[in-house]
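# Observations on the three-dimensional arrangement
So you can see what is in the structure, the chains are spelled out below.
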Amino acid sequence: MRCSQMVPIATQSSSTNGMIDSAAMTRIEIKPGVIYFPTLLNREEQESLRDEIYVAINAAHLFQSTMPRWGNPMSVKMLNLGSLGWVSDKSGYRYQKRHPVTGEAWPPIFPSLLKLWGRLTNNYAEPEACLINYYSSTAKMGLHQDRDEEDFNAPVVSLSLGDTALFRIGTSERSGPTQSIKLQSGDGLIFDGPARLDFHGIDRVYKETSTLLNEGGRFNLTIRRVTKPVIAAP
Ligand code: SIN
Ligand code: MN
């Protein structure tokens, strides 16, 4: 892994109409295929998304994923929304229809997230999974690719809530050069096209940098299309 370089902010910026309700949307291209949306969600929108997450967690519960092969626990806790959810255990990484502990179907993706996906992806086929990761202040996520989906044409849309985190993104080669960016509560990020298979991860969470979550820490949501969309016959 070569040394990381902090990404200069404001390489390109433009505003369009609001996001969930009204906020202006600033779009910064970090590099081809990686678009950063600072404060995509205003405080009110963050609170409302946080409350929806709490309801889902109370109903369906976070679970502890483990790494393939040796089964060591990951430091993040997880829950999925949608018809498919990403899980990891000794048998490997995969998408499945049911919660690995309760055996229940995952809760549905919130309508606010479907609407946001439509706006950010130019109405790409509906997402099937929203992975919610909860990071305590000591949790991290090693560099990895999101490659368990069948459809790499679909972007991955990421939203951050709570404490600031240091996100790192490289290239499609594990040892490629990386860039780092601090993701704050309400920030959005898309990786798509030439960056869709880039290695990325979270090096650290900055404790007590947000008042959004009473318990501290950070939620990250990644909204994903998993299967290839069926193309209607002409
Ligand atoms: C992920 O890659 O699944 C999470 C990235 C993040 O926490 O920002
Ligand atoms: Mn990922």
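Preceding block: the structure.
Residues numbered from 1 in each chain as written. Chains lettered and ligands numbered in written order. Predicted model: local features only at pLDDT ≥ 70, side-chain atom pairs only at ≥ 80, totals over all residues. Heavy atoms only, no water.

### Describing the overall build of the chain
What counts is decided by this rule: Put simply, DSSP H or I for four residues or longer makes a helix, DSSP E for two residues or longer makes a strand, and each gets a number counted from the N terminus. Only protein chains enter the calculation, and the probe is 1.4 Å; a residue is then buried if its accessible area is under 20% of its type maximum, exposed if over 50%, and partly exposed in between. Contact criterion: two residues are considered in contact whenever any of their non-hydrogen atoms come within 4.5 Å of each other. Here the accessible surface of atoms and residues is derived via Shrake-Rupley with a 1.4 Å probe, and residues count as covered only by protein chains that are part of the display.
Within the chain, the regular secondary structure consists of two helices and 17 strands. Out of the 234 residues belonging to the chain, those deemed buried represent 52%. Within the chain, contacts between residues at least 6 apart in sequence are counted, and of these 70% link residues at least 24 apart. If you sum the accessible surface of the chain, you get close to 11,400 Å²; carbon and sulfur atoms cover 52% of it.

### A look at the sheet that holds strand β6 (residues 63–66)
What counts, and what does not: Here, any two strands with at least 2 DSSP bridges between them count as paired. Note on method: axes are straight lines fitted to C-alpha atoms, helices fitted across the in-contact stretch only, with angles between N-to-C directions ranging 0 to 180 degrees.
Across the sheet, which stays open at both edges, the eight strands sit in the order β4-β5-β15-β12-β17-β10-β7-β6 with antiparallel pairing between neighbours. At either end of the open sheet lies a strand with only one pairing partner, and these are β4 (28–31) and β6. Adjacent strand axes in the sheet meet at a mean angle of 30° when their direction is disregarded.

### Re the nonpolar core
Our working rule: In this text, buried Ala, Val, Leu, Ile, Met, Phe, Trp, Tyr and Cys residues form a nonpolar core when linked through side-chain atoms within 4.5 Å.
Counting 60 residues, the largest nonpolar core has Leu49, Ile53, Leu113, Phe219 and Leu221 as its most contacted members. With residues up to four places along the chain from it excluded, the contact list for isoleucine 53 reads Phe110, Ile132, Leu161, Phe219 and Leu221.

### So, the packing of aromatic side chains
For any pair of aromatic rings, the description rests on two quantities: the centre-to-centre distance and the angle between the ring planes. Here is the rule: Centres within 6.5 Å make a pair out of two Phe, Tyr or Trp rings, where for Trp the six-membered ring is used; the pair is then stacked when the planes are under 30 degrees apart, edge-to-face when over 60, and tilted otherwise. Both a distance and an angle decide whether a charge sits over a ring: NZ of Lys or CZ of Arg must be within 6 Å of the ring centre and within 35 degrees of the ring normal.
Scanning the entire structure with this criterion turns up four aromatic pairs. A ring pair is formed by phenylalanine 63 and tryptophan 106, whose centres lie 5.9 Å apart and whose planes are at 40°; its orientation type is tilted. Taken together, the residues phenylalanine 63 in strand β6 and tryptophan 106 in the loop between β9 (92–96) and α2 (111–120) connect sequence positions 43 residues apart. Accessibility assignment for this pair places phenylalanine 63 and tryptophan 106 in one class, buried. Grouping aromatic residues by their ring pairs yields a cluster made of Tyr54, Tyr134 and Phe219. Here the guanidinium or amino end of lysine 182 rests over the ring plane of tyrosine 206, the centre of that ring lying 4.7 Å away.

### Some thoughts on the layout of surface pockets
Vacant regions in the atomic arrangement are exposed by a probe of water-molecule size rolled over the atoms. Note the threshold: Here a cavity denotes a set of grid points, spaced 1 Å apart and computed over the protein atoms alone, in which a 1.4 Å probe fits but from which it cannot get out, and a pocket denotes an open set meeting protein on both sides within 12 Å along at least five of seven lines; residues with an atom within 4 Å of a point are reported as lining. Grid points are joined across faces, edges and corners, and a volume is the space filled by probe spheres set on the points. Residue polarity follows a fixed list, in which Ala, Val, Leu, Ile, Met, Phe, Trp, Tyr, Cys and Pro are nonpolar, Asp, Glu, Lys and Arg are charged, and the others, Gly among them, are polar.
When its volume is computed, the largest pocket comes out at roughly 600 Å³. If you go around the largest pocket, you meet 35 residues; those closest to its centre are Trp86, Met141, Gly142, His144 and Asp146. Those elements that place two or more of their residues in the lining of the largest pocket are β7 (73–81), β10 (129–135), β11 (141–144), β15 (188–191), β16 (200–205) and β17 (218–224). By residue number, the principal contributor to the lining of the largest pocket is β7, which donates five residues. Class assignment of the residues belonging to the lining of the largest pocket gives a composition of 17 nonpolar, eleven polar and seven charged.

### As for unusual backbone geometry
If a residue is not glycine, its phi is most likely negative; likewise, a peptide bond is most likely trans. Even without being a glycine, histidine 61 presents a positive backbone phi close to 70°. Mapped onto the elements of the fold, histidine 61 is located in the loop between α1 (43–60) and β6. According to the relative accessible area criterion, histidine 61 is partly exposed, its value standing at 44%. Positive phi is not limited to glycine here, since asparagine 122 has a value of about 60°.

### Some thoughts on the side chain of serine 65
Its place among the elements puts serine 65 in strand β6. Ignoring sequence-local partners within four residues, the contact set of serine 65 consists of Asn72, Pro73, Met74, Met78 and Ser88.

### A word on the site of ligand 1
Filter applied, for reference: Put simply, a residue is near a molecule or strand once any heavy atom of it comes within 4 Å of that molecule or strand. Each polar contact in these results corresponds to two N or O atoms within 3.5 Å; when the atoms are within protein, one needs to be able to donate a hydrogen and the other to accept it, and residues that are neighboring in sequence are counted only if both atoms are side-chain atoms. Assignment of a molecule to a cavity or pocket requires that more than half of its atoms lie within 2 Å of the corresponding grid points.
By nearness alone, every residue bordering ligand 1 is listed as Asn133, Tyr135, Met141, His144, Phe167, His200, Ile202, Arg218, Asn220 and Arg224. Within the side chain of arginine 218, an N or O atom sits 2.9 Å from an oxygen atom of ligand 1. Note that an oxygen atom of ligand 1 is positioned 3.2 Å from one of the side-chain N or O atoms of asparagine 220. Contact with the protein chains covers 97% of the free accessible surface of ligand 1, which is 260 Å². Most atoms of ligand 1, that is more than half of them, are within 2 Å of grid points of the largest pocket. Among the secondary structure elements, those contributing two or more residues to the shell around ligand 1 are β10, β11, β16 and β17.

### Some details on the environment of glutamate 128
In this fold, glutamate 128 is placed in the loop between α2 and β10. Overall, the relative accessible area of 13% leaves glutamate 128 in the buried class. With 20 residues separating them in the primary sequence, glutamate 128 and proline 108 have C-alpha atoms 9.2 Å apart. Discounting chain neighbours no more than four positions away, the residues touching glutamate 128 are Leu81, Gly82, Ser83, Leu84, Ile109, Arg224, Arg225, Val226 and Thr227. Separated by 2.6 Å, the side chains of glutamate 128 and threonine 227 make a polar contact.

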